[in-house]
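Notes for the structure review
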Amino acid sequence: MRYTEGRGWHDAEIKQYEPFLISPAATVFHYAQEVFEGLKAYHCADGSVNLFRPTANFARMSASAKRLAMPEYDEAFANKALKELVSIERGWIPESEGTSLYLRPNYIGVDPYVGVRAAREYIFYIICGPVGAYYAHGLAPTKILIEKVYTRSSPGGMGFAKTGGNYAASLIAGEEAHQKGCDQVLWLDAQQRKFVEEVGSMNIMFVIDGVLVTPPLNGTILPGITRDSVLTIAKDKGYKVEERPVSTDEIIETAKSGAMTEAFGTGTAAVVSPVGEFVFGGETITVAGGKMGKMAMEFYRILTDIQYGRAADSFGWIEKV
Ligand SMILES: Cc1ncc(COP(=O)(O)O)c(C=O)c1O
């Protein structure tokens, strides 16, 4: 669907996937005025199709759009359009264990204007494609580089928004981490380089002295929907949960002493991804013998059982297509 200043949103349609024409001067190419989302449609054994918390994705997309000075859009309408699209494309939803149809709403500024200001014309579109099981070879713990040089976002910036600029800023660190044999980076706060923020495409959680600990949503990290879901499940189970700053000193000390029994990332792609090792400066620190922990395993099972319709959804997260 398109937005034109003075006219509002118009010309919503679902059509075959194909390239579309926009001007080389479109604002998105110069000033990166764009936001996006990522979520999945899951095939259930009874033949129905589940979406996991799409309302939350569209609410987050609105928050991202607001930060990038983009016009409001009708979240309920976008959600309805998403369901209509998935319904049309349901033949593309793979059925084997752990697979899904990935859904990517995008919202970009397109008017041809080479001058710094908010766009006056926009396109909102949704694409989709089948994705394989993230853990095709089992739940392998990852090696994470704690990033000392580059930062991803800072207070007052746009770290909480799901916008391309945040990812562009992160790519070089990801490349360098791969060269060092690491899977992803763990970002530190931009001011003190002391407190951990999030991983490349996941939020980070620790189990320290039996307490589930995760950095707070202070505007510099993405408010992950999986993060929120895991915290909700943990509280429901009666686990002690703390959203508080976690320093690198605390990570190193507690991983070494054994007080840290688990570290894992949370996100739509992997659901839960255990950390086996942290690399910090010249040091490699193993977490809990490099194995997947009990809590991570439990959250993974509960979440995937809800997503694939194998368990009752007592939290009201599932929306049927
Ligand atoms: C930077 C970043 N943090 C966290 C997440 C996890 O968010 P969610 O659980 O909503 O997928 C993602 C993935 O979307 C991400 O790209």
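Residues numbered from 1 in each chain as written. Predicted model: local features only at pLDDT ≥ 70, side-chain atom pairs only at ≥ 80, totals over all residues. Heavy atoms only, no water.

Details of the overall build of the chain
From N to C terminus, the chain includes 7 helices and 17 strands. Compactness check: the chain gives a C-alpha radius of gyration of 20 Å against a globular reference of 20 Å for 321 residues, within 12% of the reference. Dimensions of the chain along its principal axes, counting C-alpha atoms only, are 60 × 50 × 35 Å. Looking at the chain as a whole, 49% of its 321 residues are labelled buried. A separation of at least 24 residues holds for 71% of the contacts in the chain among residues at least 6 apart in sequence. Of the accessible surface of the chain, which amounts to about 15,000 Å², a share of 53% is contributed by carbon and sulfur atoms. In the chain, 32 side chains carry a positive charge and 38 a negative one; their mean positions are 1 Å apart. (Helix = DSSP H or I, 4+ residues; strand = E, 2+ residues; numbered from the N terminus. Rg over C-alpha atoms; globule rule 2.2 N^0.38 Å. Buried < 20%, exposed > 50% of the residue type's maximum accessible area, 1.4 Å probe, protein only. Contact = heavy atoms within 4.5 Å. Areas by Shrake-Rupley, 256 points an atom, 1.4 Å probe, with all protein chains shown as cover. Lys, Arg positive; Asp, Glu negative; His and termini not counted. Charge placed at Lys NZ, Arg CZ, Asp CG, Glu CD.)

Some words on the domain arrangement of the chain
Buried accessible area, meaning the area lost when the parts come together, often serves as the stated size of an interface. Domain annotation for the chain reports domain 1 (2-133) and domain 2 (142-307). Just the C-alpha atoms count here: the centres of domain 1 and domain 2 sit 27 Å apart. Taken together, the 20 residues of domain 1 in the interface contact 20 residues of domain 2. Carbon and sulfur atoms make up 57% of the surface buried where domain 1 meets domain 2, a total of about 1,700 Å² over both sides. The largest per-residue losses of area from domain 1 upon contact with domain 2 belong to Phe52, Arg60 and Arg67, which jointly make up 37% of the total buried on that side. The tally of links from domain 1 across to domain 2 stands at 1 salt bridge. (Domains from an automatic or database assignment. Buried area = accessible area lost by both parts, 1.4 Å probe. Salt bridge = Lys/Arg side-chain N within 4 Å of Asp/Glu carboxyl O.)

Let's talk about the site of the ligand
Taken together, 16 residues lie near the ligand, and Lys162, Tyr167, Glu198, Thr226 and Thr268 sit nearest. Between the ligand and lysine 162, the relevant distance is 2.8 Å, taken from an oxygen atom to a side-chain nitrogen or oxygen of the residue. A distance of 2.6 Å separates an oxygen atom of the ligand from a polar atom in the side chain of threonine 268. For the shell around the ligand, the per-class residue count stands at 4 nonpolar, 8 polar and 4 charged. (Near = heavy atom within 4 Å. Polar contact = N/O pair within 3.5 Å; in protein donor to acceptor, adjacent residues only side chain to side chain. Nonpolar A, V, L, I, M, F, W, Y, C, P; charged D, E, K, R; others polar.)

Here's the deal with the environment of isoleucine 108
By the element assignment, isoleucine 108 lies in strand β6 (residues 100-109). Spatially, the C-alpha atoms of isoleucine 108 and arginine 152 are 21 Å apart, while their sequence positions differ by 44 residues. Here isoleucine 108 is in contact with Phe20, Ile22, Val28, Gln33, Glu34, Met70, Glu121, Tyr122, Ile123 and Tyr125, once residues within four sequence places are set aside.

Points about the packing of helix α2 (residues 54-67) against helix α3 (residues 75-88)
Packing of α2 against α3 leaves a shortest axis separation of 10 Å and a crossing angle of 130 degrees. Looking at the two axes, α2 sits oblique to α3. For the crossing formed where α2 meets α3, the hand is right-handed. Touching Pro54, Thr55, Phe58, Ala59 and Ser62 of α2 are Glu75, Ala78, Asn79 and Leu82, all from α3. Within the contact of α2 with α3, the residues separate by chemical class into 5 nonpolar, 3 polar and 1 charged. (Axes fitted to C-alpha atoms, helices over the stretch in contact; angles between N-to-C directions. Parallel < 35°, antiparallel > 145°, perpendicular 65-115°, else oblique. Left-handed = near helix turned anticlockwise from the far one by under 90°.)

Describing the environment of glutamate 242
When you line up the elements, glutamate 242 lands in strand β13 (residues 241-243). Taking relative accessible area as the criterion, glutamate 242 reaches 25% and is therefore assigned partly exposed. Apart from the residues within four sequence positions on either side, glutamate 242 is in contact with Val211, Leu212, Val213 and Thr214. At 2.7 Å, the side chain of glutamate 242 forms a polar contact with the side chain of arginine 244.

Quick notes on the packing of helix α5 (residues 225-236) against helix α7 (residues 294-307)
Each pair of packed helices can be summarised by the angle the axes make with each other and by the distance between the axes. At a closest axis distance of 11 Å, the pairing of α5 and α7 adopts a crossing angle of 105 degrees. As the angle between them shows, α5 and α7 are arranged roughly perpendicular. Residues Thr226, Ser229, Val230, Ile233 and Ala234 of α5 form the contact with α7, whose participating residues are Phe299, Ile302 and Leu303. Taken together, the residues that form the contact of α5 with α7 break down as 6 nonpolar, 2 polar and no charged.

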